[in-house]
Structure formats: structure tokens, C-alpha cells
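Examining the three-dimensional arrangement
The chain contents come next:
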Amino acid sequence: MIEMSEVYKTYPNGVLAINGIDIVINPGEFVYVVGPSGAGKSTFIKMMYREEKPSSGKIIINGIDLSTLKESKVPLLRRSIGVVFQDFKLLPKLTVFENVAFALEVIGENPRNIRKRVLDVLDLVQLKHKARFFPNELSGGEQQRVSIARSIVNNPSVMIADEPTGNLDPDTSWEIMHLFEEINNRGTTIVMATHNKEIVNTLKKRVIAVEDGKIVRDEARGEYGIYD
Ligand SMILES: Nc1ncnc2c1ncn2[C@@H]1O[C@H](COP(=O)(O)OP(=O)(O)OP(=O)(O)O)[C@@H](O)[C@H]1O
Ligand SMILES: [Mg+2]
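Position numbers for residues count from 1 along each chain, tracking the sequence in the order it is written. Going through the entries in the order they are written, you letter the chains from A and number the ligands from 1. For this predicted model, a pLDDT threshold of at least 70 governs which residues receive local features, and a threshold of 80 or more governs which side-chain atom pairs are given and counted, while totals over whole chains, interfaces and linings are taken from all residues. Just so you know, side-chain values use all the structure's heavy atoms and leave hydrogens and water out.

Next up on the list: the overall build of the protein. Only runs of H or I of at least four residues qualify as helices and only runs of E of at least two qualify as strands under DSSP, and these elements are numbered from the N terminus. Helices and strands together make up the secondary structure of the protein, namely seven helices and ten strands. C-alpha atoms of the protein, sized along the principal axes, occupy 45 × 40 × 35 Å. Sorting the 228 residues of the protein into buried and exposed places 50% on the buried side. For the protein, the share of sequence-separated contacts (at least 6 apart) that also reach a separation of at least 24 residues comes to 68%. Method for areas: the Shrake-Rupley scheme with a 1.4 Å probe, in which residue coverage is limited to the protein chains shown. For the protein, the accessible area works out to roughly 11,000 Å², and carbon and sulfur atoms hold 48% of it. For the charge count, each Lys or Arg is scored as positive and each Asp or Glu as negative, with His and the chain ends excluded. We put the charge of a Lys on NZ, of an Arg on CZ, of an Asp on CG and of a Glu on CD. Charge-centre separation for the protein: the mean point of 29 positive side chains lies 6 Å from the mean point of 30 negative side chains. Throughout, exposure labels follow a simple rule: accessible area from a 1.4 Å probe, protein chains only, divided by the maximum for the residue type, with under 20% read as buried, over 50% as exposed, and the rest as partly exposed. By definition, residues are in contact when any of their heavy atoms lie within 4.5 Å.

Here it is as C-alpha cells:
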């Protein structure tokens, strides 16, 4: 479960990016975060995996209170949260297999389990046959599928994605969305910031609209709205 209460975020330069957010996201939900550019969507998402700290307020993720979480415990939090970015953020000198295995190696998983788990998630994203390729040998959609495999290899209960289809063409974006649906159907909570109107209006889910750092709309099976 994700809970925020009275969350505010002012960046060091004085910009008030989040202006009082209260929200509960239950296990297994699929939530789109929409709103105009600069509304605070990425800031909202970054606070969930402690990339940014709120200036005040409470954030609880899977029972972990982020306001009192020590820096040394942040890796533990990140193990229960998979993160997917617009620009994939794969390590260029590692193969597909190694990029995905990395997350398990750092937690000291044994090599046999690593191999099995990595091949299982590469199978899910249909890239087992490219396990030995390097990121620059893949298309954008394939790179995003690798980053999705990496994000779920630890079996996180929550997946957070910031404009995961932002760099992809419409067909590839839909492939990625079908993968997200499958991951959600297996029980993972998904929170996804997006500007993709067609996806939000077709693949109906809960929609949270953020404007000027506030939630202005929160609807089950909502619409994208009238942003760019
Ligand atoms: N690191 C930062 N330092 C200072 N201000 C920031 C920082 N990151 C974001 N901001 C500001 O905070 C506000 C919210 O930004 P944020 O990136 O959360 O918006 P967004 O809704 O994700 O926008 P977009 O749709 O363009 O991605 C904006 O005014 C932005 O300029
Ligand atoms: Mg953003």
C-alpha cells in the first residue's frame, strides 16, 4: 500500500512542486498520473522511491515510513519497488542478461537462482533470445522491455513508471502497455505518469490528475482530460 498525507515538496531553488497531497493506493491497483507539464507528476513519483524527499508530510510505502527511513535503508525500500524511466537507463557496457542480473547480484543472490530468475523475466518480456546483446544493439521498445525485466526481477510489489512510453512509437507503446497489464494482473501495483492520451482513454484505469502540485481529480476508470 502507498499512502501520502499532507505531503509538500519545495525544491532548494524555492519552487513549490507538491502542494499538499493526500492519497491512498491499494495493493494491485493500476494508476495513471496525468496533468500538464510542470504539474509535479515526476516529483510525486520520485518521492515514492526516495529519489526526492518531501519537505513535510508523511509517505508510507508497504509499511515503510519514508519520513523516518535512514539513508542506509533506502536500498531495502528500492528492493520492493521496481522503477521504469522514459530513457530506459540501462548500463551500456553490460549485456541484456547482465543488466537484469545486476539487481540480484547486489543483494547477494546465488548464481543459479540469478540465472533462472533472469531468464524467466526475459522470457516474460520476450527477449530471452537477445540475452547476450548489448543495449545499443536493441530497438527502443526492446530496451524498454529490458528495463521492465530489470524492474521486476526482484519481484517488487510496486512498479513505478515515469512516462515509460514517452520515447516510443504508438505500436511499441501498446506492446509495453500490454506487458504492464500482464504484470499488474500478476498482482503488482502500478503507478505510471504519462502524457499518452490514447492509452489512458483506451486502457481504462484509475486516473489521478495533478495540477500545480495538487490532486485535482481522482477517478476510477477515468479519462486523460484536456492537457496537451
Ligand atoms: N530538481 C529540481 N529542482 C528545482 N525545481 C524542480 C526540480 N525538478 C522539478 N522542478 C520543478 O518542479 C515543478 C514540477 O516538476 P515535475 O518534474 O514534477 O513536473 P512534471 O509534472 O513531471 O512535468 P512533465 O510533464 O514536463 O514531466 C516544475 O515547476 C519544475 O520546474
Ligand atoms: Mg515529469
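Mapped onto the elements of the fold, isoleucine 61 is located in strand β4 (residues 56-61). The exposure class assigned to isoleucine 61 is buried, which follows from its relative accessible area of 1%. Separated by 118 residues in the primary sequence, isoleucine 61 and leucine 179 place their C-alpha atoms 24 Å from one another. Leave out the neighbours within four places in its chain, and isoleucine 61 touches Met1, Ile2, Met48, Leu66, Leu77 and Ile81.

By the criterion of burial, strand β9 (residues 206-211) is predominantly enclosed, with five of the six residues buried. Here, any two strands with at least 2 DSSP bridges between them count as paired. Bridge count for β9 against strand β10 (residues 214-219) is five bridges, and the pairing is antiparallel. Within β10, the residue paired with isoleucine 208 across the bridge is aspartate 218. Linkage of β9 to β10, two consecutive antiparallel strands, is achieved through a turn of two residues, within which aspartate 212 is found at a positive phi near 45°.

Moving on, we get to the UniProt feature "domain: ABC transporter" (unreviewed entry) in the protein. UniProt positions are given in the numbering used here, feature names are shortened, and annotations may be inferred rather than shown by experiment. The positions that UniProt labels "domain: ABC transporter" (unreviewed entry) are, in the present scheme, residues 2-226. Counting secondary structure, residues 2-226 comes out at 32% helix and 26% strand; the distance between its end C-alpha atoms is 27 Å.

Attention now moves to the sheet that holds strand β2 (residues 16-25). Within the open sheet, the four strands sit side by side as β2-β1-β4-β5. Their pairing is antiparallel. Both edges of this open sheet fall to β2 and β5 (64-65), since each of them pairs with a single strand only. When strand β1 (residues 2-10) meets β2, the two strands line up antiparallel, connected through seven bridges. Counted as the bridge partner of valine 7 is isoleucine 21 from β2.

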